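Here's the letter readout for the chains.
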Amino acid sequence: MAEITYREALRDALIEEMDQDPDVFVMGEEVGVFQGAYKVTEGLLDRFGEKRVIDTPIAEEGFVGLGAGAAMTGLRPVVELMTVNFGMVAMDQIANHAAKISYMFGGRLKCPMVIRAPGGGGQQLTAQHSHCLDVWFAYIPGLKVVAPSVPSDAKGLLKTSIRDDNPVMFLEHLALYNTKGVVPEGEHTVPFGEADIKRVGSDVTLIAHSRMVLYALQAAAQLSEEDISVEVIDLRSIRPLDAETLVHSVQKTHRCVIAEEEHRSFGVNAEVAATIYEEAFDYLDAPIERVGGVEVPMPYSKPLEQAVIPSPEKIVTAVKKTLYL
Amino acid sequence: MAEITYREALRDALIEEMDQDPDVFVMGEEVGVFQGAYKVTEGLLDRFGEKRVIDTPIAEEGFVGLGAGAAMTGLRPVVELMTVNFGMVAMDQIANHAAKISYMFGGRLKCPMVIRAPGGGGQQLTAQHSHCLDVWFAYIPGLKVVAPSVPSDAKGLLKTSIRDDNPVMFLEHLALYNTKGVVPEGEHTVPFGEADIKRVGSDVTLIAHSRMVLYALQAAAQLSEEDISVEVIDLRSIRPLDAETLVHSVQKTHRCVIAEEEHRSFGVNAEVAATIYEEAFDYLDAPIERVGGVEVPMPYSKPLEQAVIPSPEKIVTAVKKTLYL
Amino acid sequence: MSRSSARDARDNPTDQVTDMEFPVRDSGDLDNYENDQLIDFYTSMLYVRRFEERVAEMYLRAKIGGYCHLNIGEEATVVGTLKALRKEDYFFGSYRVHGSAIVRELPHGTVMAELFGKRDGCAKGRGGSMHLVDPERRFMGGYGIVGGSIPLSTGVSFAIKYRGTNEIVMSTFGDGATNIGAFHEALNIASLWKLPNLFICTNNQYGMGTSVARASAVTELWKKGVAYDIPGYKVNGMDVLAVYQLTKKLVEEVRRTSEPIFVECVTYRYRGHSMADAGKNYRTADEIDEWRERDPVESFRLRLLEGEIFTQKDADDIEEAVLAKVQTAVDFAERSPFPDVAELEKFVYAEDA
Amino acid sequence: MSRSSARDARDNPTDQVTDMEFPVRDSGDLDNYENDQLIDFYTSMLYVRRFEERVAEMYLRAKIGGYCHLNIGEEATVVGTLKALRKEDYFFGSYRVHGSAIVRELPHGTVMAELFGKRDGCAKGRGGSMHLVDPERRFMGGYGIVGGSIPLSTGVSFAIKYRGTNEIVMSTFGDGATNIGAFHEALNIASLWKLPNLFICTNNQYGMGTSVARASAVTELWKKGVAYDIPGYKVNGMDVLAVYQLTKKLVEEVRRTSEPIFVECVTYRYRGHSMADAGKNYRTADEIDEWRERDPVESFRLRLLEGEIFTQKDADDIEEAVLAKVQTAVDFAERSPFPDVAELEKFVYAEDA
Ligand SMILES: Cc1ncc(C[n+]2csc(CCOP(=O)(O)OP(=O)(O)O)c2C)c(N)n1
Ligand SMILES: Cc1ncc(C[n+]2csc(CCOP(=O)(O)OP(=O)(O)O)c2C)c(N)n1
Ligand SMILES: [Mg+2]
Ligand SMILES: [Mg+2]
């Protein structure tokens, strides 16, 4: 077991899948010569050549659509959006084309494409560059949506995504690329639709995904010093959502907090909360607390930006609130 | 008070605001010579001329962006997306430009634009043409989002939208254009952020918006025959959301059903449910029931499509479920 | 600061345009074709015409719903382009795609059944009029979003190149589609990466009620390839032989060079944009009549008679056979059951198929 | 089927291109200008250079964060275009917009303060480097999405026409932006509706690490207007007089005709794409050196010396004054407080402003 970064884990997954399957190729802005805007694809051009590591013009709608078309013939493109924000110009190809290929053609075509896209705030990238948009994708039947928080899940989910026969939105986080973690060596995949209990606890269920998992773990560590035992669950997969694991935990703890990075309203957390209420209403001893970003376009100024994004402290406060502390 | 159609109510609002304010103009595909794909803008070209009723090329990103730019100078464009589905190709201009003009420029510019967009299923328009997408827009700070269900709200909200200094997503419904209702004569506006109790009741709160309000009222009428008294609340405004009215009603009825047309998961209903749980947890005698569309890209075949969209019957069943009947 | 001359433009391969005059007979001698082929073209055009007329009737009888766009008037373009394509080549269409589907020889009953929303439809009743499909015949689908299929089509030509095989992709769209961003992005990439795409723009003069001149700064649409160094051609889309002859040549040129080419087929739709549009408030009756005089089916019939390729009796027999064939499609559609509602959620994901 | 000649292309106004050779001095005689104006051009270019160098330093000292894109190398293009614009005209920029902001005479302290994320920043600390703004100076903002500002800019020219006033809009973007859909849609509409837009493409040879030839099928970017019947020009973007002279003429031509024009300014950025990019792995040191030899600031200094417009002493004085001015901007930014977190939610909606 090696300790590697989230970035390396992603790269390893790409390399392994490309080694194994000649139909897998990587495409996007600056993935080749530039070695990746965030260096995830570093070294890939040298290793696999121009045929399979393809720099595109700045034309997200064009190359996402091209990827989907290639996938319709059975190739397995891994398309990188430099950041998820640029997905907005490709939304029609993602949500109204790729996502619908299988269904609207009665299952006679499929679209096995992965769209990798980092998002998130905290780097002063401001309003047009700090989105997560998880809920936009999660809303669309026909897409699968995953968002790993640690290197092992990054690798395992990316391999699963590449092998999946559907369009998968693979949501990374800019702030996670340099984080490290142990990744099992050799063949390692993580199935879709399985949340992961990242820390076992008994007093409160704390649900998060992507970077917020790290904050949740920090909050849990802090709370354990006050003898509050928090169970931290990482959604990992947003669509499909693993309601069972969430509900099971809440049935045990009777309390629940959900932390999501982006806007507090209308996000993934709303669906998670509504689902838990539906399935575990009688088990809840307190309303679910939702911790989310302040609802503003992301400001540039550091103190403002920091005030927008949920902090471990805010999560701690929310957990205590469910305990009426 | 005249009984007019939803379509006429919209047209009246446009005419009145255009009469009153020379800065208001209408732009979109087929709004002029063709008289509107759905005839909302019928007669406007004759009345206001080419300068103010403007047919565009098929270039939603281009003309939505153009509208936003014009709005930045103080004009008040009312941009029509032929259907909301075509908003997908303009998403970047809507959500990452128009919505951010005020904030990212520190309030030094504003963007008083209305984007009218009909959506919804039920007319066999299939996967790429049956979206509502309410939640996509509702998720974005900087946008306001309204979705009237009856002619009087259609008129009143459209007038308010045109006079508002922010980008407003004005979500219409294809199946409502021919529906009729009484509209107050003379000046009539409806404020944002105020839900409307469309039917007073005491046993269950039934929340809906757009076409689902009509189904909710049908369900309520049917239930009244079984002596079940349903309070039907029309959200009207999705962002901002009038939590107060919703919570107040639930505090009275102790039971709640939310009906939304599109996909059941990750939609507006999730946020509404989560909000009500947060604010009225101790008042609820049963979990909130969410009625939503089956999560598939919309199929063409009539029986399939009918099975996707929530029906008054499904709403009736959900209401009864909250009463443990 | 001197202005350079038109040197660059002269050297530019995009300045190729086929001359076009209406009405034309300049599409080469009938002698260049086998009789069978000429009759096949005629029969195919007539079949598209009669099929669409029947579709219109079925729409009015509420057997068909939703958006429904007919090819009537555009038969020469539909037949002339599709007949030039090899079996192994791929086709992408817009939402106006019934004609292409039947010329591509999708089992015609499955096309009508799809329009009826029936289980035996080519998209199993999920797709309807706009989303006809048949991967076995490399008919990669009709699409509802203007311009949306163009990037997808470059993906298939990319895959051809990736695999080193020898097919091409015919990617068709309307005049209105040339104004949307997806068109621009896809054409640039196709040219840059030398993808084997034959782009066919069916210029039927209108995108819904908007004439080309009211939607596009450049009205000579074949020139739009210029911005991407894609050679452009224009052809009389009312003359099946002109369309076929040009397309045939270009299909093989694209195959040989693996470089995209752009063709504008100038034609007309007689009916409204869709069944919901009478097609009258944005154009004159005279204009429609003028185009009807160049009717692709009728003018070709006269030409074949004149050229003694067939007799009026032959034509009558064809008419009868075509009507009978349309009837078999309708019968097939009628007989097919609606999809099982229990299978509503099938096909959302590939594993559910 | 005959192929027509280049007739159409010859008649096409888009085949206008200014000859360009490096290094050039063909931008007209210095005698055509007042000394003051020449010195102003020089001073402005130097100011952009020194400002950006200081920004880089402040970035490394973590006073500035996020994405940060410098104009170093592009000063002649920035100054030559902006100086040609009238006060009442509008400007739209990309995210690489510091230079344009200071040449447009945004109070320079508010520009630096914005980069510092301070309360007195021109966007009140909300926008940062990419979103500089000053409506009073009709500086309509920098934007972060490639191509995204182009449609907005046509909205302002639309508004000018709607109101019947006489301003124009200068809409600037990079070479990479010409490949995205928004560019296409906006240029078509601008031409179709005859909007007074001067489109300035700053061709600095790369979009991040991708050279023009690897991103665009047509590498002569001025030709991209062809597809929209927009006249295209190309100018040596390292020569401030060449840029100014052409832009000045076209600014007034756009105003007179209310029709869009497209200009390609050929220039180079010495640094990486942003502060996060060393700018080395996609181009050679030789290439950078070659361009540095045409340095717009230095070459203009030599030219002014040669032409005896100023003395080296004058140049030294200007250098000193410029550095002092940059320092005042830094001081202003340093002194300004961070925005009040209590006001975080201000400006989301117009009524909260
Ligand atoms: C992006 C998008 N915008 C608008 C529409 C609505 N719409 C459907 S067809 C059409 C006209 C298209 O015209 P053209 O490309 O010329 O094709 P034709 O219908 O003439 O075959 C429009 C505007 C759409 N489907 N997609
Ligand atoms: C739609 C979109 N895709 C990708 C990016 C990331 N990105 C930022 S700048 C840039 C390169 C732009 O190049 P160019 O237009 O030549 O401008 P330059 O940076 O050279 O001034 C890219 C790819 C973006 N901001 N927006
Ligand atoms: Mg057309
Ligand atoms: Mg560039």
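Quick summary incoming for the structure in this document. All figures in this text were calculated on a predicted structure; none of them were measured in a lab.

Calculation notes
Residues numbered from 1 in each chain as written. Chains lettered and ligands numbered in written order. Predicted model: local features only at pLDDT ≥ 70, side-chain atom pairs only at ≥ 80, totals over all residues. Heavy atoms only, no water. Near = heavy atom within 4 Å. Polar contact = N/O pair within 3.5 Å; in protein donor to acceptor, adjacent residues only side chain to side chain. Areas by Shrake-Rupley, 256 points an atom, 1.4 Å probe, with all protein chains shown as cover. Salt bridge = Lys/Arg side-chain N within 4 Å of Asp/Glu carboxyl O. Helix = DSSP H or I, 4+ residues; strand = E, 2+ residues; numbered from the N terminus. Buried < 20%, exposed > 50% of the residue type's maximum accessible area, 1.4 Å probe, protein only. Donors = N, O, S within 2.8 Å, 3.2 Å for Na, K, Ca; no water.

Overview of the site of ligand 2
The full set close to ligand 2 counts 21 residues, and Glu60(A), Tyr95(D), Arg96(D), Gly144(D) and Asn204(D) are the nearest of them. Neighbouring residues of ligand 2 are not confined to a single chain but are spread across chains A and D. Take Glu60(A): an N or O atom from its side chain is 2.6 Å from a nitrogen atom of ligand 2. Starting from 580 Å² of accessible surface for ligand 2 in isolation, the protein chains cover 96%.

Here we look at the pattern of salt bridges
Residues and elements named next belong to chain A. One pass over the full model with this rule turns up 102 salt bridges over all chains. The salt bridge involving lysine 159 is made with glutamate 16; its shortest N-O contact spans 2.4 Å. With lysine 159 in helix 7 (residues 151–163) and glutamate 16 in helix 1 (residues 6–20), this pair connects stretches of sequence that are 143 residues apart. As a salt-bridge pair, arginine 76 and aspartate 165 come within 2.4 Å of each other at their nearest N and O atoms. Placement of the pair is arginine 76 in strand 4 (residues 76–80) and aspartate 165 in the loop between helix 7 and strand 7 (168–173), with a sequence separation of 89 residues. Relative accessible area serves as the criterion here: at 15%, arginine 76 is assigned to the buried category. Aspartate 165 gets classed as partly exposed once you look at its relative accessible area, which sits at 22%. Residues joined by salt bridges that share partners form a network here, namely Glu16, Glu17, Lys155, Lys159, Arg163 and Glu187.

Quick notes on the coordination of the magnesium ion (ligand 4)
Residues and elements named next belong to chain D. The coordination sphere of the magnesium ion (ligand 4) contains the protein donors Asp175 (OD), Asn204 (OD1) and Tyr206 (O), at a distance range of 2.1 Å. Sequence spacing of the donor residues for the magnesium ion (ligand 4), all on one chain, is D-x28-N-x1-Y. Of this pair, aspartate 175 sits in the loop between strand 3 (169–174) and helix 7 (181–192) while asparagine 204 sits in the loop between strand 4 (197–203) and strand 5 (206–207), and the two are 29 residues apart along the sequence. Assessed through its relative accessible area of 4%, aspartate 175 is described here as buried. Relative accessible area serves as the criterion here: at 5%, asparagine 204 is assigned to the buried category.

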